[in-house]
Amino acid sequence: MAGAAPIRSAGADPDIHLGTKACQAHHLLEFLKEYSSEHVFLLGVIIDLWSMSRGGVHWSAAQNTFVQKMLRRARHGEKVIFIPGNHDEAMREYVGTLFGNILVDHEYIHTAADGLRYLLLHGDEFDQVTRHHRWIAILGDKAYDLLVSLNIYLSWLRRTLRRPGYWSLAGYAKRKVKTAECGFYTSCVTIVNNGEVV
């Protein structure tokens, strides 16, 4: 694209997973080359502290470049807000702190160019498994890591077969589990609300 990048009012980057092999930092860098914005919202699981704490640190040059670009954008006037999620929840201790002009916040209300207001948060506080059954969340995270590793081979196979686009096995499995989980908890809430718990 020739010339300056188009300016958007805001852009949001959720679930980046810096520090892991699953991080698609090179795609983020391509996006950042094409677009700039007045506001950038980093909505949780930006740095995957869960995976990193298990000794699985993978920090590529592309991930480093992404961090540098966010710091540079914040330094040059873009408003960059980092809202931690469940995998980087330790960063919630720093709510209200600026790191290189990047504000750490719990949630943020953004007023768009058309005047509409949006509540921005990661949403993990509404995840019943994360809140009440942490061991299942950790088991799920390990299964997710396994699927991400398998996805490397699946991506190679898709490229070999000249299949266009990116498809994530881990993302597919996560969507299926979340759909099932949502149905289960909806049923539980309905039962409790109707007083039919035996």
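Here goes a summary of the coordinates provided.

Describing the layout of surface pockets
1) Next: Space inside the largest pocket adds up to approximately 800 Å³.
2) Next: Contributing to the lining of the largest pocket are 29 residues, with Ala22, Gln24, Asn151, Tyr166 and Ser168 lying nearest its centre.
3) Next: Looking at the lining of the largest pocket, the elements with two or more residues in it are β1 (7–14), α1 (25–34), α5 (134–160) and α6 (169–193).
4) Next: A per-element tally of the lining of the largest pocket places α5 first, with eight residues.
5) Next: Residue classes in the lining of the largest pocket are distributed as twelve nonpolar, nine polar and eight charged.

A few points about the packing of α1 against helix α3 (residues 61–75)
1) Next: Orientation of α1 relative to α3, taken along the N-to-C sense of each, is 35°, at an axis distance of 8 Å. The way α1 lies across α3 gives a crossing that is left-handed. The segment α1 lies against α3, with Ala25, His26, Leu28, Leu29 and Leu32 engaging Ala62, Gln63, Thr65, Phe66, Lys69, Met70 and Arg73.
2) Next: Split into classes, the residues belonging to the contact of α1 with α3 amount to seven nonpolar, three polar and two charged.

Focus: unusual backbone geometry
1) Next: The backbone of His17 shows a phi angle near 60°, a positive value even though the residue is not glycine.
2) Next: Assignment of secondary structure puts His17 in the loop between β1 and α1.
3) Next: With phi around 45°, Val45 is a residue other than glycine that occupies positive phi space.
4) Next: Position of Val45 among the secondary structure elements: in the loop between β2 (36–43) and α2 (49–53).

Thoughts on the environment of Lys174
1) Next: Checked against the element boundaries, Lys174 lands in helix α6.
2) Next: Using a relative accessible area of 39% as the deciding quantity, one classes Lys174 as partly exposed.
3) Next: With near-sequence residues (within four places) excluded, Lys174 lies in contact with Asp15 and Tyr144.

Details of a nonpolar patch on the surface
1) Next: Taken together, the side chains of Trp135, Ile136 and Leu139 define a hydrophobic patch exposed on the protein surface, amounting to about 340 Å² of accessible area.
2) Next: For Leu139, the position within the fold is in helix α5.

Considerations on α3
1) Next: Taking 1.5 Å per residue, 15 residues should reach 21 Å; α3 reaches 21 Å between its end C-alpha atoms and fits that length.
2) Next: Where α3 is concerned, the buried positions are Gln63, Phe66, Met70, Arg73 and Ala74. Buried residues of α3, seen end-on, are gathered within an arc of 100° and therefore sit on one face of the element. Residues of α3 that are exposed and point over 90 degrees away from its buried face: Ala61 and Arg75.

Remarks on the pairing of β2
1) Next: For β2, the tally of buried residues reaches seven of eight residues, placing the bulk of the element in the interior.
2) Next: Bridge count between β2 and strand β3 (residues 79–83): five bridges; the pairing is parallel. Bridging across to β3, Leu43 finds its partner in Ile83.

What about the pairing of strand β7 (residues 117–120)?
1) Next: Of the pairings in the sheet, the one linking strand β6 (residues 108–111) to β7 comprises four bridges and is antiparallel in character. Within β7, the position partnered with Tyr108 by the bridge is Leu120.
2) Next: What sits between β6 and β7 in their antiparallel hairpin is a turn of five residues, with Gly115 showing a positive phi close to 90°.

The rules behind the values
Chains are numbered independently. Their residues run from 1 in the order of the written sequence. The predicted origin of the model limits local features to residues at a pLDDT of at least 70 and limits the giving and counting of side-chain atom pairs to 80 or more, whereas totals for whole chains, interfaces and linings rest on all residues. Values reported for side chains reflect all heavy atoms of the structure, with hydrogen atoms and water molecules removed beforehand. Cavity: a set of points on a 1 Å grid over the protein atoms alone where a 1.4 Å probe fits but cannot get out. Pocket: an open set with protein on both sides within 12 Å along at least five of seven lines, its lining residues, like those of a cavity, having an atom within 4 Å of a point. Grid points are joined across faces, edges and corners, and a volume is the space filled by probe spheres set on the points. Helix numbers and strand numbers start at the N terminus; a helix is a DSSP run of H or I with at least 4 residues, a strand a run of E with at least 2. Throughout this entry, Asp, Glu, Lys and Arg are counted as charged residues, while Ala, Val, Leu, Ile, Met, Phe, Trp, Tyr, Cys and Pro are counted as nonpolar. The remaining residues, Gly among them, count as polar. Only C-alpha atoms enter the line fits that serve as axes; for helices the fit covers just the stretch in contact. Angles between N-to-C directions range over 0 to 180 degrees. Rotating anticlockwise by less than a right angle from the far helix to the near helix defines a left-handed crossing, while the corresponding clockwise rotation defines a right-handed one. Between two residues, a contact is recorded if the distance between any of their heavy atoms is within 4.5 Å. Think of it in three bands: residues with accessible area under 20% of the maximum for their type are buried, residues over 50% are exposed, and the middle band is partly exposed, with areas taken using a 1.4 Å probe on protein chains only. Patch building starts from residues that exceed 30% relative accessible area and form no salt bridge, then joins like charges within 9 Å and nonpolar side chains (Val, Leu, Ile, Met, Phe, Trp, Tyr) within 5 Å. Per-residue and other accessible areas were derived by the Shrake-Rupley procedure at a 1.4 Å probe size, with only the shown protein chains allowed to occlude residues. A carboxyl oxygen of Asp or Glu within 4 Å of a side-chain nitrogen of Lys or Arg is what we treat as a salt bridge. To estimate the expected span of a helix, subtract one from its residue number and multiply by 1.5 Å. Of all possible arcs, the one meant is that of the directions from the helix axis to the C-beta atoms. One bridge is not enough; two strands pair if DSSP finds at least two bridges between them.

Any functional reading would require information beyond the geometric quantities listed.
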